Every structure is written in C-alpha cells, then in structure tokens.
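Per-entry structural report
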Amino acid sequence: MDSDILVSRRRTATITQGATGYLTIDLAALGRNYSKLASMLAPVRAGAVVKADAYGLGAERVAQTLYDQGCRHFFVAQFVEAVRLRPALAKAAQIFVLNGLQPGSELACAESGIVPVLNSLAQWRQWSETARRLKRSLPAVLQFDTGMSRLGFPEEERAELAAAIRDGANVEILFIMSHLACADDLESSQNGEQIAEMARIADEFPGFDISFANSGGVFLGDAYHGVLARPGIALYGGAPNAGGKNPMEPVLRLDVAVVQTRTVPSGTKIGYGGAYVTRSQTRLATIAAGYADGLPRSLGDRGAVYHKGTRLPIVGRVSMDSATVDITALPEGALSLGSLVEVLGPNQTLEDVAGDAGTISYEILTGLGDRYDRHYC
Ligand SMILES: *Cc1c(COP(=O)(O)O)cnc(C)c1O
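Residues numbered from 1 in each chain as written. Predicted model: local features only at pLDDT ≥ 70, side-chain atom pairs only at ≥ 80, totals over all residues. Heavy atoms only, no water.

For the protein chain, the name recorded in an unreviewed UniProt entry is Alanine racemase, with Rhizobium etli as its organism. Among the UniProt annotations of the protein chain, the heading Catalytic activity (unreviewed entry) holds the following wording: "L-alanine = D-alanine". Under the Function (unreviewed entry) heading, UniProt states for the protein chain: "Catalyzes the interconversion of L-alanine and D-alanine. May also act on other amino acids." (UniProt positions renumbered as here; feature names shortened; annotations may be inferred.)

With that out of the way, let us pick up the site of the ligand. Neighbouring the ligand are 14 residues; Lys51, Tyr55, Ser215, Ile233 and Tyr362 lie closest to it. Measuring from an oxygen atom of the ligand, one finds a side-chain N or O atom of Lys51 at 2.7 Å. Tyr55 places a side-chain nitrogen or oxygen 2.5 Å from an oxygen atom of the ligand. Alone, the ligand offers 390 Å² of accessible surface; in the complex the protein occludes 94% of this. Considered class by class, the residues forming the shell around the ligand number seven nonpolar, four polar and three charged. (Near = heavy atom within 4 Å. Polar contact = N/O pair within 3.5 Å; in protein donor to acceptor, adjacent residues only side chain to side chain. Areas by Shrake-Rupley, 256 points an atom, 1.4 Å probe, with all protein chains shown as cover. Nonpolar A, V, L, I, M, F, W, Y, C, P; charged D, E, K, R; others polar.)

Here the focus is helix α4 (residues 59-68). Listed in full, the buried residues belonging to α4 are Ala59, Val62, Ala63, Thr65, Leu66 and Tyr67. One or two positions beyond α4, positive phi appears at Gly70, with a value near 105 degrees. (Buried < 20%, exposed > 50% of the residue type's maximum accessible area, 1.4 Å probe, protein only. Helix = DSSP H or I, 4+ residues; strand = E, 2+ residues; numbered from the N terminus.)

With that settled, consider the pairing of strand β18 (residues 340-344). Extensive coverage of β18 is indicated by the burial of five of its five residues. When strand β11 (residues 252-264) meets β18, the two strands line up antiparallel, connected through four bridges. Opposite Asp255, over in β18, you have Glu342 as the bridge partner. (Pairing = 2+ DSSP bridges.)

One broad rule of soluble globular proteins: the nonpolar side chains tend to lie buried together. Core analysis: the largest hydrophobic core is formed by 107 residues, its most contacted members being Phe74 and Tyr236. The element contributing the most residues to this core is helix α2 (residues 27-41), with six residues. Composition of this core by domain shows at least three residues from each of domain 1 (3-23 + 250-376) and domain 2 (27-236). Apart from the residues within four sequence positions on either side, Tyr236 is in contact with Leu30, Val49, Val50, Ala54, Tyr55, Leu57, Val62, Val251, Leu350 and Leu365. (Core = buried A, V, L, I, M, F, W, Y, C linked by side-chain atoms within 4.5 Å. Domains from an automatic or database assignment. Contact = heavy atoms within 4.5 Å.)

So, on to the packing of aromatic side chains. This model, assessed by the stated rule, comprises eight aromatic pairs. Between Phe144 and Phe153, the aromatic rings sit 5.6 Å apart at their centres with planes inclined by 40 degrees, giving tilted as the arrangement. In terms of burial, Phe144 and Phe153 fall into one category: buried. Cluster of aromatic residues (ring-pair linked, three or more members): Tyr55, Tyr236 and Tyr362. Here Arg61 stacks its cationic end above the ring of Tyr376, 4.5 Å away from the centre of that ring. Positioned above the aromatic ring of Tyr67 is the side chain of Arg72, whose terminal nitrogen or guanidinium carbon lies 3.6 Å from the ring centre. (Phe/Tyr/Trp six-rings, centres within 6.5 Å; stacked < 30°, edge-to-face > 60°. Lys NZ or Arg CZ within 6 Å of the ring centre and 35° of its normal.)

By secondary structure assignment, the location of Glu111 is in helix α6 (residues 106-112). With relative accessibility at 59%, the residue Glu111 sits in the exposed group. Linking Glu111 and Leu134, residues 23 residues apart in sequence, is a C-alpha distance of 9.7 Å.

A few words on unusual backbone geometry. A cis amide bond links Ala42 with the next residue in sequence, Pro43, at an omega value of 5 degrees. Within the secondary structure, Pro43 is located in the loop between α2 and β2 (45-46). The backbone phi angle of Asp301 is positive, close to 60 degrees, even though this residue is not glycine. With respect to the helices and strands, Asp301 occurs in the loop between β14 (282-287) and β15 (304-307). Its relative accessible area of 43% is what places Asp301 among the partly exposed residues. Phi is positive for Lys308, which is not a glycine, with a value near 45 degrees. Following the sequence through the fold, Lys308 ends up in the loop between β15 and β16 (310-313).

Structure, rendered in structure tokens:
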C-alpha cells in the first residue's frame, strides 16, 4: 500500500492537518479477528480482554465493536478501567476485573454492577461481607493459581474456600478461571501441568463453568477452552503463539512524519552521546516520534522504519520525541519535511518491531503514545 496515497485520502476526511504521526486502527479487521477466534471456539464463548485501554487501541471503540460482533464478556485489569468502560457498553455486557477487589472499592463495585475476579480468601471475605451489608447476593468469578504464582487462590486456601462456599450463599459464582503462563509456546510442558491442576480444582469445586484460555490457549486445543476464552493480543493482530505464521490480521498501522532531512559526511556523530558515527556520506531523516511515543530506546541502531518497501535503519539513540533514520538507500528527494514513513504496516509487523526492541508485541502496543492522530476505520 502506498502510504502517501493512504494518508492524503485520510487527510481529506477527518484527519487534522499537520499531525506528526497517524495511528490507524482498523475496527473491521478487529471484528474479523474476533469472528475467527469465535468460530474456532464455538460453542465455547469468546470474551475479550480490553485491559490497558484495549492494549492501547482504545477500550471504548474496541469493546463496542466486539459487542456488535456478539461479545458479552469483557475483562479489564483494574477497577478504574471497568468504571470508565461501563457507560460505553449496553447492560448485557459484563465487565470483569482481573486484579480483583481493592479494599475500599467494594461498594462502588457492587453498585456499578462490575464483577470482581476474587483471587484470595481475603477478597472473598470482603465481597461476602459487602453482600451481607447490602442484603443481597453479589456476583463474582473465582481465579485459581495453577502454576503462575501471580494471581488467584493458592492451593493452601482451597479447603477453606470450599467450606466458605458451602456456608455462604451470598456470593453468586459465575464461573471459575485460571491463567496460562506459557500459552504462547505450543511445546511448553507447563501448559499440560496447568491444565492438570485445573482439572484437580474442577474436582474440588464441582459444578462450575471454567474459563482458561488466553489468545495462545485458544490455539492449544479444545482441552484448554473451558466454556469462555479470554483472548487479548490475538484480537489486536498480535501473534498468539511464537514461531510460525501469525494467523491473525493486522489491526494497526502507524505512519510517522519526517521533520528534517540532511546529508552529512563520513565521521559525523548522530544523536545523544554521539553514539553512532557515520562511515560514509549519509543522508538522514529525523522523524517525529521517540520513546515518549512508544518507540523503545532499545530500537537505537537496531530497528528501522520503511518507505515504499525500503528499510531505513534507525541510527544512533532514540530521543524522547524523535529518532534519526538513514535514508541513503532512497532516491534523493524521496523524503522531505512532512513525508511519512511506516513504523507499523505491511512492511513491518508488531512482532518485527518487538523483536528489534528486545520485547514483546504487548509492550509495543501498550506503549504507543497519545500524540498520534488516531483514526478508526
Ligand atoms: C492479559 C490476560 C489475558 C489475555 O492474554 P493474551 O495473551 O493477550 O490473550 C487473559 N487472561 C488474563 C488473566 C490476563 O491477565
């Protein structure tokens, strides 16, 4: 795709003139990714993880699009995210808070109809006590730790929890869940260990529906699906499993503007610390995005941007608001003030950028700054 044409078409529509970066979020592609996962899972339901502002893509727009696709189960990490998202969604949508109940948020949580994922006996007691005070039953999800040691009831709390469930009927358990630590790795033996532990938990807590799979888990097979899956990254076009071809469709495109070009002789220092020194005459472009915009500093001397299929390496250190790229490979005059280069798009995937930066697609997505002109299509 020709980025100049794409952007000039957008500019005539809704885009502000003079923006220094254009982040295009393809909601139709998001919807197709959801449909793909939903049909792989059927009759198991596909929920959606929309924490961290839907991995930086915009929780409201994302959740509304998925609601229209039939999604009714939305997972955020923190209560504050649930409070922000609640008004954007119809009543039929349920919002679950994965990190559970923070002391002090119980009444607000109950009143706003947000469902906490209870992770410990302490949280169970707080929620049960809240239900007693309100003289009604309150809904909850129970999360068990099956080997990640992050969130969820630890094994030693299970007996007391089972007793509490038998005694107190004021917490309505909607389903039980756990989370996979290695689902992106199809070969990891930890996947099998975690599902075996989940099976033991299902025996100890019979009669409850189970939610288990994240994006990677969807691709591990039916045994991992439970009745409700919780994909996140795959919806947003990230690869659910490491290696092989990414089965998901890209959702994002990021183009950044050139703010200055120059030609420098051999031996010229570039950027902070003078860390890069040219070895021959070099043409450079400074682009208007830096680490404050989500281009990790670790991309310095490693990453690249693209122009019409040509790779333009990032040279020297990435600054807060800009980065410098070597454009010697392009015909002279190909780039000038206001031209656009591709950071994410047909030439460079999220996984490419994450790989160059020594991180994962999740961190690239959630780091995308808010200075780009965002456009939903
Ligand atoms: C973030 C998260 C998910 C989604 O994981 P992806 O790998 O993005 O699909 C699912 N469940 C829990 C508990 C999570 O924290």
